[in-house]
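Given next are the chains, with one letter for each unit.
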Amino acid sequence: MTENLKPTTAYDIQNLSDATPKIAIIGAGLTGLMTSHLLEQAFVSQNRALNIVIFEKSAGVGRLATRYKNPEDNRDQQWQFDFGAQFFTAKSQSFQDYLQPWLAQGVIEPWLAQTATINTTTAPSEIQITGQWDSDQPRYIGSPKMTSFGRHLAAVLKHTEIHYKTRVAPLEQSEQTIEHTQSNNKTSLVDIEGNDLGVFDWVICTAPQQQAIELLQQTDFVHLDRIKQPKMLACYTLMLGWESLSDLPQTLSHAQWDVLQVNEADAIVNRVFVEHHKPGREAILPSVTVHATNQWSEAQVDEDMTVVQNQLLQAVLSLLDWEDKTAPKLVDCHRWRYAATEHTNDNESSEISYVDDNKQWVVTGDWCDEGRIESCFKAATNVVQTIAG
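Described below are features of the structure shown in this document. Note that this is a predicted model, so its numbers are computed, not measured.

1. Some words on the overall build of the protein
Each helix and strand in the protein was counted, giving ten helices and 22 strands. For the protein, the residues scored as buried account for 53% of the 389 residues in total. When contacts within the protein are restricted to residue pairs at least 6 apart in sequence, those whose partners lie at least 24 apart make up 73%. Accessible surface, the protein as shown: approximately 17900 Å² in total, 45% of it carbon and sulfur.

2. Focus: the packing of helix 1 (residues 30–45) against helix 2 (residues 93–105)
Relative to each other, helix 1 and helix 2 sit at 90°, their axes nearing to 14 Å. When the interaxial angle is binned, helix 1 and helix 2 end up roughly perpendicular. Residue-level inspection shows Met 34, His 37 and Leu 38 of helix 1 in contact with helix 2, the latter providing Phe 95, Tyr 98 and Trp 102. Partitioning the contact of helix 1 with helix 2 into residue classes produces five nonpolar, one polar and no charged.

3. Side note on unusual backbone geometry
For the bond running from Ser 143 to Pro 144, omega is 5°, close enough to zero to count as cis. Tracing the chain through its elements places Pro 144 in the loop between strand 10 (139–142) and helix 3 (148–156).

4. Quick look at the pairing of strand 11 (residues 160–164)
Buried residues dominate strand 11, accounting for five of its five residues. Alternating residues of strand 11 divide into Thr 160, Ile 162 and Tyr 164 and Glu 161 and His 163, and every residue in both groups is buried. Pairing between strand 3 (residues 51–55) and strand 11: four bridges, direction parallel. Directly across from Phe 55, in strand 11, lies its bridge partner His 163.

5. Quick look at the sheet that holds strand 7 (residues 108–111)
Within the open sheet, the three strands sit side by side as 6-10-7. Their pairing is antiparallel. Where the open sheet ends on each side, the last strands, each with one partner, are strand 6 (88–89) and strand 7. Strand direction decides the pairing type here: strand 6 and strand 10, joined by two bridges, are antiparallel. Within strand 10, the residue paired with Thr 89 across the bridge is Arg 139. The sheet strands contacting helix 2 are strand 6, strand 7 and strand 10, and the helix crosses strand 7 at an angle near 110°.

6. Brief notes about the pairing of strand 8 (residues 114–118)
Consecutive residues of a regular strand have side chains that alternate between opposite faces of the sheet. In terms of residue burial, strand 8 counts as a mostly covered element, since four of its five residues are buried. The pairing of strand 8 with strand 9 (residues 127–132) spans five bridges and is antiparallel. Across the sheet, Thr 117 pairs through a bridge with Gln 128, a residue of strand 9. With four bridges connecting them, strand 8 and strand 17 (residues 259–262) associate as parallel partners. What sits directly across from Ala 116, in strand 17, is Leu 260.

7. Quick look at the environment of Thr 130
Position of Thr 130 among the secondary structure elements: in strand 9. Measuring from C-alpha to C-alpha, the distance between Thr 130 and Thr 115 comes to 5.5 Å, with 15 residues separating the pair along the chain. Once you skip the residues sitting within four places of it in the chain, Thr 130 turns out to touch Thr 115, Ala 116 and Thr 117. Reaching out from Thr 130, the side chain makes a polar contact with the side chain of Thr 115 at a distance of 2.7 Å.

8. Overview of empty space enclosed by the protein
Taken as a whole and assessed by the stated rule, the structure comprises one cavity of 30 Å³ or more. Taken as a whole, the largest cavity holds about 60 Å³ of empty space. Around the largest cavity, the lining residues are Ile 26, Leu 171, Val 203, Cys 205, Leu 215, Leu 216, Trp 361, Val 362 and Val 363. The set of elements that each furnish at least two residues to the lining of the largest cavity consists of strand 15 (202–205), helix 5 (209–216) and strand 22 (361–364). Partitioning the lining of the largest cavity into residue classes produces nine nonpolar, no polar and no charged.

Each value, and the rule that gives it
Residues numbered from 1 in each chain as written. Predicted model: local features only at pLDDT ≥ 70, side-chain atom pairs only at ≥ 80, totals over all residues. Heavy atoms only, no water. Helix = DSSP H or I, 4+ residues; strand = E, 2+ residues; numbered from the N terminus. Buried < 20%, exposed > 50% of the residue type's maximum accessible area, 1.4 Å probe, protein only. Contact = heavy atoms within 4.5 Å. Areas by Shrake-Rupley, 256 points an atom, 1.4 Å probe, with all protein chains shown as cover. Axes fitted to C-alpha atoms, helices over the stretch in contact; angles between N-to-C directions. Parallel < 35°, antiparallel > 145°, perpendicular 65-115°, else oblique. Nonpolar A, V, L, I, M, F, W, Y, C, P; charged D, E, K, R; others polar. Pairing = 2+ DSSP bridges. Polar contact = N/O pair within 3.5 Å; in protein donor to acceptor, adjacent residues only side chain to side chain. 1 Å grid on protein atoms, 1.4 Å probe; cavity = no way out; pocket = protein on both sides within 12 Å on 5 of 7 lines; lining within 4 Å. Points joined across faces, edges and corners; volume = space filled by probe spheres on them.

Distances and angles like these do not, on their own, reveal function.
Shown next as structure tokens:
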């Protein structure tokens, strides 16, 4: 059964006119949340009512993952890792404008990180300070954690219901799923247990690529072949924790950098991030997040996690050079099977959203573009233009 944890507050959905557009959004990641937020703004500005329902298979929103761990002998302090997106940029003026209220509220803030590089193919392998991310092109982080942005987005929605722990069943080309397609383009949705989720004028799928394909595989969605074209690459994330600053290896305790880029063609490690250097994270225990390269991760995507973790740990050891007494007390690893979109000549024709005007279905998400958080905003903006004009 669906679990409704976010009721509509602006008006009673049950009393809406039949002419009010009823919109289903599958997925409460940033694309889904921004789509709902921008649709609300567009319809309110046009003095039009709308009914949006978001179906989210997990218990939370946002997709900006944060992981916490506590030492066994110190439950009052914790390690904290932004083990998904570490930061995001805003290159377009429209996205910069969209972020201004969130900056003003302190929901997000700039991270003016000190950057460095290391080339392990040279001897000795020295870390070179390269500069600082500046305010002209800032990188942003959620405050006090990356998940904060998505949660605040969900909290401001006024014309939207969010049903958590609700997995929409794959759509089928049948009368049970499509009602009078040629006349009024309405779609009936059910969950995987067969429970009725409602009938909608528009269905917007913002789920990751593989989940979108599974939802539409048994239909004649006009862009089904095209949404299969983008290739997704994996990424492994290694999380390391120390119990105090005095326990850190010298490469970290004396580090004048916050982000370390590894410059090596066949590198296992892509970048190293010092979590406790971020604004607002000063109280956490020393925490370091390491992202492996997409190419290496993809080659190891089905490998045993213990093997992957050990290989990554050895690669980071060669960079940070700790001894037994300065080795991390916490080691954790996570696999993102679909982390980034590989752009090749074969998928240059990919779009930010795939619209089937006949069915009034839309498939979109950051994976349709560059896989960035700004891609979520671009996808949401495109959906609003499609539905609200």
